[in-house]
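# Commentary on secondary and tertiary structure
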Amino acid sequence: MANSKYEYVKSFEVEDEVMFPNLIIIRIDGCDFSRFSQVHKFEKPNDETSLNLMNSCASSVLVEYPDIVFAYGYSDEYSFVFKKTSRFYQRRASKIMSLVASFFAAVYVTKWKEFFPHTKLEYAPSFASKVVSCASVEVLQAYLTWRQHDCHISNQYDTCLWMLVKSGKTLSETQEILKDTQKQQRNELLFQQFGINYKMLPVLFRQGSCLFKTKVIFSIISCFYFLVEETVKHDENGKPVKRLRRRETLVHSENVAGRSFWNEHSSLHKDLGHFAKDIGKIEPDYVKSFQFESRLLPLTWVVVRIDGCHFHRFSEVHEFEKPNDEQALKLMNSCAVAVLEEFQDIAFAYGVSDEFSFVLKNKSELYKRQSSKIISAVVSFFTSTYMMRWGDFFPHKKLKYPPSFDGRAVCYPTSDILLDYLAWRQVDCHINNQYNTCFWMLVKSGKSKIQAQDYLKGTQTREKNELLSQQFGIEYNSLPVIFRMGSSVFRLKTQEGVTEENGEVSGKQVEAEVVVDYSNIIDQCFWQKHPHILSSS
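Note that the coordinates shown come from a computational prediction; the quantities given were computed from them, not determined experimentally. Throughout this document, residue positions are counted from 1 along each chain, in the order its sequence is written. Only residues with pLDDT of 70 or above have their local features reported here, since the model is predicted, and side-chain atom pairs are shown and tallied only from 80 upward, although totals for entire chains, interfaces and linings are computed over all residues. Side-chain descriptors were evaluated using all non-hydrogen atoms of the structure, hydrogens and water having been removed beforehand.

## Looking at the overall build of the chain
Convention followed: Counting from the N terminus, the helices are DSSP H or I runs at least four residues long and the strands are E runs at least two residues long. Note on exposure labels: buried denotes an accessible area under 20% of the residue type's maximum, exposed denotes more than 50%, and partly exposed covers the range between, all computed with a 1.4 Å probe on protein chains only. Contacts: residue pairs with any heavy atoms within 4.5 Å of one another. Reported accessibility uses the Shrake-Rupley method at a 1.4 Å probe radius. Residues are deemed covered only where the shown protein chains occlude them.
When helices and strands are counted, the chain shows 18 helices and 16 strands. The 537 residues of the chain split such that 51% are buried. Taking the contacts inside the chain whose residues are at least 6 apart along the sequence as the reference set, 74% of them involve residues at least 24 apart. Total accessible area on the chain is roughly 26800 Å²; 50% of this is exposed by carbon and sulfur atoms.

Written as structure tokens, this is what we have:
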């Protein structure tokens with residue numbers, strides 16, 4: 001980061017490390033997937049294709065993040081368990097859970113056509129995530145027992161509900177019939193009225209799905225060892241670095257938290273620990289007490305800042321123009337506009353390069369100010385929108401792999417401190433852009449990257465401006481403002497004339513479209529021109 005007088009705002013950032021040796025679980029849930037399933041006409045009570053898509057996405061997550069060794073999912077949720085020795089991203093909760101939600105959303109959009117070739121993806125899906133910090137392997141066992149029990153109860157209820165609806169009952173009538181019914185009563189209802197033996201329904205629906213990494217893949221005939229060579233990164237020359245990794249396995253089990261299932265797979269108790277005994281009834285409140293959750297301080301300005309993950313590599317692989325690719329920046333801006341349209345509580349956004357900061361109104365009660373839900377919902381929605389709009393900005397360039405973004409939320413107690421935060425980001429934009437412009441002009445002129453870095457070491461603003469002007473004929477202040485100023489995204493307010501009952505015409509403030517602007521937001525004139533942005537109303 002560039003140094004400036006505004007850097008004190010970093011002191012408001014709070015560390016959220018999950019203390020070692022607690023086991024880390026990241027649980028993601030589809031945001032408003034009831035609506036999503038209706039719009040996309042998913043089969044009720046279970047759409048096997050959509051479940052297979054979720055499983056495929058979860059498999060990709062295990063491939064992308066080697067520290068995730070086990071996953072369990074059903075319906076529109078998935079829980080990912082990290083190995084007990086994991087130091088992934090220094091165990092920072094916000095970074096880990098936002099990355100997983102972002103990557104999952106990106107893969108979901110990527111694979112949609114593979115699973116639904118004849119159904120258009122109507123809008124960008126998003127996923128909320130949370131962190132569960134398991135103090136022991138027994139807590140992990142209790143958590144998995146709880147989630148699989150919830151799978152069974154939810155599926156049994158939904159199966160009854162939709163069979164009754166399909167038989168002609170209204171939704172309200174069906175809910176009244178099922179009110180306070182127990183497991184046995186629901187089984188009898190299915191069998192007696194519809195001839196359905198619940199235990200004979202596909203295990204995918206009743207038991208959910210679990211994925212784990214193992215060297216052993218079980219086939220129908222025999223078992224064999226299977227290691228897969230995968231690209232884990234690219235070196236500085238762009239060549240893939242490959243390593244042997246364990247392959248993920250998808251299975252269905254009646255009791256994924258059972259001692260017999262767990263202990264028959266040596267990789268599981270090696271990576272996570274042994275289950276000493278089976279457990280019976282679980283109190284959900286006990287498991288929920290281990291959720292790593294914080295509520296953002298009330299009446300503070302909340303900034304959700306997202307950053308592209310490994311975007312240096314992403315920009316190289318996709319051959320972005322250096323030092324700035326205008327189309328890539330406009331794609332980011334388009335995604336930011338979509339975020340403001342989706343989340344009405346976001347009042348303002350500022351972006352540069354592969355980052356964007358979203359400002360929530362200080363009186364916002366979005367998701368009851370749950371930090372993890374706000375961060376993951378914004379990040380995953382931004383990511384899936386990025387995927388869906390890629391072709392609009394790069395119609396002749398194939399997206400070679402899904403990008404991901406991480407995020408964090410920071411509270412700022414006053415609007416003055418918030419404005420200093422935004423000023424810090426714009427100062428950083430200017431310093432980094434000026435440096436990068438000089439750097440890439442030197443590289444394009446024939447210098448190596450190391451030579452260009454040495455040449456620029458210790459130079460000040462004036463010296464960089466002179467370098468650009470004298471060696472390359474570039475006047476820095478004449479470069480496009482999108483590069484120099486970054487992008488501000490906000491809603492306009494317009495004045496409309498409204499005729500009252502007494503015949504007088506009064507003005508009424510109404511919200512207009514979301515716009516992108518390239519202004520100096522350090523200057524108070526910008527905020528005086530748009531006072532509604534930070535209005536407390």
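Once you've had a look at it, read on.
## Things to note about the packing of helix α2 (residues 48-64) against helix α3 (residues 93-115)
Put simply, the rule reads: Here an axis means a line fitted to C-alpha atoms, over the contact stretch when the element is a helix, while the angle between two N-to-C directions is reported on a 0 to 180 degree scale. Every angle not falling under 35 degrees, over 145, or within 65 to 115 is termed oblique; those three ranges are roughly parallel, roughly antiparallel and roughly perpendicular. Each crossing gets its hand from how the near helix is turned against the far one by less than a right angle, where anticlockwise is left-handed and clockwise is right-handed. Gly falls in the polar group here, along with every residue not listed as nonpolar (Ala, Val, Leu, Ile, Met, Phe, Trp, Tyr, Cys, Pro) or charged (Asp, Glu, Lys, Arg).
Running from N to C, α2 and α3 point in directions that differ by 130°, and their axes come no closer than 9 Å. Judged by the inter-axis angle, α2 sits oblique to α3. In this structure, α2 crosses over α3, and the sense of that crossing is right-handed. Where α2 approaches α3, its residues Thr49, Asn52, Leu53, Met54, Ser56, Cys57, Ala58, Ser60, Val61 and Glu64 are matched on the opposing element by Val100, Phe103, Phe104, Val107, Tyr108, Lys111, Trp112 and Phe115. Classifying every residue of the contact of α2 with α3 gives 12 nonpolar, four polar and two charged.

## Section: the nonpolar core
Here is the rule: Buried residues of nine kinds, namely Ala, Val, Leu, Ile, Met, Phe, Trp, Tyr and Cys, make up a nonpolar core once their side-chain atoms join them within 4.5 Å.
Formed by 84 residues in total, the largest nonpolar core has its most connected members in Phe80, Phe104, Tyr108, Phe358, Phe382 and Tyr386. Here the element with the most residues in this core is α3; it accounts for 13 residues. Not counting chain neighbours up to four residues away, the residues in contact with Phe104 comprise Ile28, Met54, Cys57, Ala58, Val61, Phe80 and Phe127.

## Some words on the pairing of strand β5 (residues 209-214)
Strand residues, when the strand is regular, have side chains that alternate between the two faces of the sheet. Most of β5 is tucked away, with six of its six residues classed as buried. Residues Ser209, Leu211 and Lys213 of β5 are buried on one face, and the alternating residues Cys210, Phe212 and Thr214, pointing to the opposite face, are buried as well.

## Quick notes on helix α4 (residues 137-166)
Because each turn of an α-helix spans 3.6 residues, side chains separated by three or four positions end up pointing in the same direction. Rules: Expected span of a helix, by definition, is 1.5 Å for each gap between consecutive residues, and there is one gap fewer than residues.
With 30 residues, α4 ought to run about 44 Å at 1.5 Å a step, and its terminal C-alpha atoms sit 43 Å apart, in line with that. Positive phi shows up at Gly168, right after α4, with a value of about 120°.

## A look at the pattern of salt bridges
The condition that has to hold: Here, a salt bridge means any side-chain nitrogen of Lys or Arg that lies within 4 Å of a carboxyl oxygen of Asp or Glu.
Counted under the stated rule, the structure contains 16 salt bridges. In this structure, Glu13 engages Arg408 in a salt bridge whose closest nitrogen and oxygen atoms are separated by 2.6 Å. Highlighted residues: Glu13 in the segment before β1 (23-30) and Arg408 in strand β14 (residues 405-412), separated in sequence by 395 residues. With a shortest N-O distance of 3.2 Å, Asp150 and Arg147 are connected by a salt bridge. Here Asp150 pairs with Arg147, and both are found in helix α4, just three residues apart, close to one helical turn. Owing to a relative accessible area of 25%, Asp150 belongs among the partly exposed residues under this scheme. With a relative accessible area of 2%, Arg147 lands in the buried category. One connected set of salt bridges, linked through shared partners, spans Arg27, Asp29, Glu77, Arg147 and Asp150.

## Considerations on the packing of aromatic side chains
As a reminder, the rule being used: Only the six-membered ring of Trp is used, alongside the rings of Phe and Tyr, when aromatic pairs are assigned; centres must lie within 6.5 Å, and planes under 30 degrees apart are stacked while those over 60 apart are edge-to-face, with the rest tilted.
Under the defined criterion, the tally for this structure stands at 53 aromatic pairs. Centre to centre, the rings of Phe311 and Tyr386 are 6.3 Å apart; their planes meet at 75°, and the pair counts as edge-to-face. With Phe311 in helix α11 (residues 311-317) and Tyr386 in helix α13 (residues 371-393), this pair connects stretches of sequence that are 75 residues apart. Phe311 gets classed as buried once you look at its relative accessible area, which sits at 9%.

## Some thoughts on the side chain of Ser94
Stated precisely, the cut-off is as follows: Counting of polar contacts relies on pairs of N or O atoms within 3.5 Å, with two restrictions inside protein: one atom must be capable of donating a hydrogen and the other of accepting it, and residues adjacent in sequence are counted only when both atoms are side-chain atoms.
Mapped onto the fold, Ser94 is located in helix α3. Exposure remark for Ser94: the relative accessible area of 13% places this residue in the buried category. A polar atom in the side chain of Ser94 sits 2.4 Å from the side chain of Asp16. Excluding its chain neighbours within four sequence positions, the residues that come into contact with Ser94 are Asp16, Ile375, Gly407 and Arg408.

## Quick word on the pairing of strand β3 (residues 77-82)
Under the convention used in this document: For two strands to pair, DSSP has to find at least two bridges joining them.
Among the six residues that make up β3, six are buried, leaving the element largely enclosed by the rest of the structure. Burial along β3 is two-sided: the face carrying Glu77, Ser79 and Val81 and the face carrying Tyr78, Phe80 and Phe82 are both buried. Relative to β3, β1 runs antiparallel, the two being bridged by five bridges. Among the inter-strand pairings, Ile26 is bridged to a residue of β3, identified as Phe80. Both strand β2 (residues 68-74) and β3 contribute to a ladder of six bridges, which runs antiparallel. Paired with Ile68 across the strands is Phe82, a residue of β3. The antiparallel pairing of β2 with β3 creates a hairpin that spans two residues between the two strands, and Ser75 there sits at a positive phi of about 50°.

## Topic: the confidence of the model for the chain
This is how the line gets drawn: Per residue, pLDDT measures the predictor's confidence, with a range of 0 to 100.
When pLDDT is averaged along the chain, the result is 90, and 89% of the positions lie at 70 or above. This stretch, residues 216-228, has a pLDDT under 50; its non-local contacts, to residues over four places away or in other chains, come to 27 contacts.

## Here we look at α13
Keep this limit in mind: Take the seven residues that end at a residue and the seven that start at it, fit an axis to each, and the angle between those axes is the bend at that residue.
Spanning 23 residues, α13 covers 32 Å between terminal C-alpha atoms, matching the ideal 33 Å at 1.5 Å per step. Taken as a whole, α13 carries its principal kink of about 35° at Met387. Of all 23 residues that make up α13, 18 are buried, and the element is covered over most of its length.

## Brief notes about the environment of Arg87
Relative to the elements of secondary structure, Arg87 occurs in the loop between β3 and α3. When its relative accessible area of 52% is taken as the criterion, Arg87 is described as exposed. It is 9.8 Å that separates the C-alpha atoms of Arg87 and Val18, two residues lying 69 residues apart in sequence. Leave out the neighbours within four places in its chain, and Arg87 touches Phe20 and Asp67.

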